[in-house]
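# Architecture at a glance
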Amino acid sequence: MNKMFLKYTFRLLCTTLLYTGIASAQSVKVEASLQDFTIKIGDQTKLFLIVSQAANERVTFPKLQDTITGPIQIVSTNKADTVVDQQDKNRITVTQGYTITSFEAGIHNLPAFTFGTSAGALRSNELSLQVQTVKIDTSKAIYDIKQPIVVTYTFMDWVKDNWIWLLAVLWMIVLIGASFIICATGQRQMRL
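Attention in this report is confined to the structure presented alongside it. (Residues numbered from 1 in each chain as written. Predicted model: local features only at pLDDT ≥ 70, side-chain atom pairs only at ≥ 80, totals over all residues. Heavy atoms only, no water.)

### Considerations on the pairing of strand β8 (residues 114-117)
Along β8, the buried face is formed by Phe115 and Thr117; none of Thr114 and Gly116, which line the opposite face, is buried. In this structure, β8 lies alongside strand β9 (residues 120-123), joined through 4 bridges in antiparallel fashion. Residue pairing across strands places Thr114 opposite Arg123, the latter belonging to β9. Between β8 and β9, which follow one another and run antiparallel, lie 2 residues. (Buried < 20%, exposed > 50% of the residue type's maximum accessible area, 1.4 Å probe, protein only. Helix = DSSP H or I, 4+ residues; strand = E, 2+ residues; numbered from the N terminus. Pairing = 2+ DSSP bridges.)

### Quick word on the pairing of strand β10 (residues 127-132)
Here β10 shows one buried face, formed by Leu127, Leu129 and Val131, and one open face, formed by Ser128, Gln130 and Gln132. Bridging between strand β2 (residues 38-40) and β10 involves 3 bridges; their strand directions are parallel. When the sheet's bridge partners are listed, Thr38 is paired in β10 with Gln130.

### Some points on the sheet that holds β10
Either a parallel or an antiparallel arrangement is found when strands of a sheet pair, and the pairing is made through backbone hydrogen bonds. Strand order in the open sheet made by the 3 strands is β2-β10-β7, with mixed pairing throughout. Each of the sheet's edge strands pairs with one partner strand only, and the pair in question is β2 and β7 (106-110). Averaged over neighbouring strand pairs, the angle between their axes works out to 30° when direction is ignored. Here β7 pairs with β10 via 5 bridges, running antiparallel. The residue bridging His108 from the neighbouring strand is Leu129, located in β10. (Axes fitted to C-alpha atoms, helices over the stretch in contact; angles between N-to-C directions.)

### Brief notes about the packing of aromatic side chains
Going through the model one piece at a time under the given rule, you end up with 2 aromatic pairs. Consider the rings of Phe61 and Phe115, whose centres lie 5.4 Å apart with planes at 70°: the pair is edge-to-face. Of this pair, Phe61 sits in the loop between β3 (44-54) and β4 (72-77) while Phe115 sits in strand β8, and the two are 54 residues apart along the sequence. (Phe/Tyr/Trp six-rings, centres within 6.5 Å; stacked < 30°, edge-to-face > 60°.)

Purely geometric numbers; function is a separate question.
Put into structure tokens, the structure is as follows:
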């Protein structure tokens, strides 16, 4: 009877720990989303990494550098935004945004992002970004987008750009003239 009691107690304890681990893992939900799934080559869109969690849970976001995959580059990282759930004040949603771009046409897959939690690592969903090329009308001639601007450059513009040099030259002329006058005055006094 004692062995049977210990056996059932052990099973109950294991089951309780298992469900507690699953419940804590399920209390953190991670998701990745794109603002636009299709962009033109060189355009930008936003990538959002979203974590729904208990307010006291500590979740670490993945460390993303300047590129996510070869053709997908990170332009900037936005400040993380935290929102408290209005129905349950003990839950929050943290959103980390990234501005991304690509200069290669095609469909590019963004891998699942790994988040660190107290229950272990959680992975987000995978995403696809379609980058389209700009259509070119080859039946028309090549032309400038905008005509060159004609800029007039007057003498006063030159004076504004070089006023320090002009002032230095005028100062040198005044010094040379002053020294010439002083020398001439000194020679006249010597003759007297």
